[in-house]
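Each chain, letter by letter, is given below.
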Amino acid sequence: MKTSNPVLARLGQAAERERAAGYAPAGPHGQPGYPQQYPGAGYPAAPGYPAAPPTVTPMSLDDVVVKTVVLLGILAASAAAAWVLVPDALVGVAWIGAAVVGLVLGMIISFSRMANPALVITYAVVEGVFVGMVSKAFESLYDGIVLQATTATFGVFFLMAMLYKARVIRATPKFVRGMIAVMVGLFAVMLINLVLALFGVNTGLRDGSPLAIGFSLVCIVVAALSFILSFHEVEEGVRMGLPQRYSWVAAFGILVSLVWLYIEILRMLSYFQGDD
């Protein structure tokens, strides 16, 4: 199976290696898959009969939905715990620390060739602390902004899901390449802006100015469109018969987009809250 997504391509190769090693995907109703290897490749067999190799259940859409809900639950619990337990004086430290650790974990998961549920769950916990601290800081300045941002985030998510299901927006190879290029560019701009901000340089991208509003709007649009990539990855993963554990990777991709979209909407809403 061919795919334009490099991460999916690697996962597909991993699945092929597992099948070549004798692991056959289970059938659609859980029945054992057909053998991939026969006696002479290390499998003992009764005379005249090939040995049935171990089976691997392929991922399904339901698997991804369940894993996504689990990760969101973990993130919400972690955010709530951080909100309650972290003193106000340490909000900034916890915010920055969780952002750095989350970035490192996210990079490891994104470029890893193997699905690691423990690592994905750890990422959700760390991102929960990050989201909790950011939310607490904004809520202390603008009452009710967290509820508004949360509602808007899930509203956008379900809208993009409906648009994808109706094929109004399709993840064509050109769309995928363009989105990846834009996201890499935005990430580079945000990273440079952060470094400059640490040295007291104001680029105007995050200060509530018209430029900042425009930049946040671009980020919101791109974050929303990134769901199309995630939905496409899920669809392709199911089509390619990736093992069930890779549903954690697909759920991770959706979680990353949700957190990014939430933070950008939170920031955008703060620009219009006024000074009261």
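Residues numbered from 1 in each chain as written. Predicted model: local features only at pLDDT ≥ 70, side-chain atom pairs only at ≥ 80, totals over all residues. Heavy atoms only, no water.

A. Highlighting the overall build of the chain. Regarding its fold elements, the chain presents 8 helices and 2 strands. Mapped from its N terminus to its C terminus, the chain presents α and β elements in the order α-β-β-α-α-α-α-α-α-α. Surface exposure of the chain reaches about 14,600 Å², of which carbon and sulfur atoms provide 71%. (Helix = DSSP H or I, 4+ residues; strand = E, 2+ residues; numbered from the N terminus. Areas by Shrake-Rupley, 256 points an atom, 1.4 Å probe, with all protein chains shown as cover.)

B. Highlighting the pattern of salt bridges. According to the stated counting rule, one finds 4 salt bridges in the structure shown. One salt bridge in this structure joins Arg167 and Glu235, with 2.7 Å as the shortest N-O distance. Placement of Arg167 in the loop between helix 5 (145-165) and helix 6 (173-198) and of Glu235 in helix 7 (residues 210-240) is noted, with a sequence separation of 68 residues between them. In this structure Glu235 comes out as partly exposed when scored by relative accessible area, which is 35%. In this structure, Glu236 and Arg239 form a salt bridge, with 2.6 Å as the shortest nitrogen-oxygen distance. On the criterion of helical spacing, the pair formed by Glu236 and Arg239 is a turn pair, its members being 3 residues apart in helix 7. Relative accessible area serves as the criterion here: at 10%, Glu236 is assigned to the buried category. Relative accessible area serves as the criterion here: at 39%, Arg239 is assigned to the partly exposed category. (Salt bridge = Lys/Arg side-chain N within 4 Å of Asp/Glu carboxyl O. Buried < 20%, exposed > 50% of the residue type's maximum accessible area, 1.4 Å probe, protein only.)

C. Looking closely at the side chain of Lys67. Mapped onto the fold, Lys67 is located in helix 2 (residues 61-85). We note that Lys67 is buried and unpaired, the nearest opposite charge coming from Asp63 at a distance of 4.6 Å. Beyond its immediate stretch of four places on either side in the chain, Lys67 contacts Ser247, Trp248 and Ala251. (Lys, Arg positive; Asp, Glu negative; His and termini not counted. Contact = heavy atoms within 4.5 Å.)

D. Structural view of helix 8 (residues 247-271). Taking 1.5 Å per residue as the helical rise, helix 8 with its 25 residues ought to reach 36 Å, and the 37 Å between its terminal C-alpha atoms agrees with that figure. With 22 of 25 residues buried, helix 8 lies mostly within the body of the structure. (Expected span 1.5 Å × (residues − 1).)

E. Region of the structure containing the side chain of Ser226. Position of Ser226 among the secondary structure elements: in helix 7. A relative accessible area of 4% places Ser226 in the buried class. A polar atom in the side chain of Ser226 sits 2.5 Å from the backbone oxygen of Ala223. Residues in contact with Ser226, not counting those within four places in the same chain, are Met179, Met183 and Ser257. (Polar contact = N/O pair within 3.5 Å; in protein donor to acceptor, adjacent residues only side chain to side chain.)

F. Region of interest: the packing of helix 2 against helix 4 (residues 117-141). Their axes nearest at 7 Å, the elements helix 2 and helix 4 cross at an angle of 45 degrees. Overall, the two elements helix 2 and helix 4 adopt an arrangement that is oblique. In this structure, the crossing between helix 2 and helix 4 has a hand that is right-handed. Taken together, the residues of the contact of helix 2 with helix 4 break down into 13 nonpolar, 4 polar and 3 charged. (Axes fitted to C-alpha atoms, helices over the stretch in contact; angles between N-to-C directions. Parallel < 35°, antiparallel > 145°, perpendicular 65-115°, else oblique. Left-handed = near helix turned anticlockwise from the far one by under 90°. Nonpolar A, V, L, I, M, F, W, Y, C, P; charged D, E, K, R; others polar.)

G. Representation of the environment of Met59 in the model. Here Met59 shows up in the loop between strand 2 (55-56) and helix 2. Sequence separation of Met59 and Arg239 is 180 residues, and the distance between their C-alpha atoms is 9.2 Å.

H. Structural view of the layout of surface pockets. In this structure, the second largest pocket encloses a volume near 520 Å³. Lining the second largest pocket are 19 residues, and of these Leu61, Val65, Ala161, Phe231 and Val234 lie nearest its centre. Broken down by secondary-structure element, the contributors of at least two residues to the lining of the second largest pocket are helix 2, helix 5, helix 7 and helix 8. Here the residues of the lining of the second largest pocket are counted per class, giving 15 nonpolar, 1 polar and 3 charged. (1 Å grid on protein atoms, 1.4 Å probe; cavity = no way out; pocket = protein on both sides within 12 Å on 5 of 7 lines; lining within 4 Å. Points joined across faces, edges and corners; volume = space filled by probe spheres on them.)

I. Representation of the packing of helix 7 against helix 8 in the model. Helix 8 packs onto helix 7 with a crossing angle of 160 degrees between their chain directions and a minimal axis gap of 9 Å. Considering the angle they form, helix 7 stands roughly antiparallel to helix 8. For helix 7 against helix 8, the interelement crossing comes out left-handed. Across the contact of helix 7 with helix 8, the residue classes break down as 18 nonpolar, 5 polar and 2 charged.

Everything listed here is a matter of geometry and, on its own, says nothing about what the molecule does.
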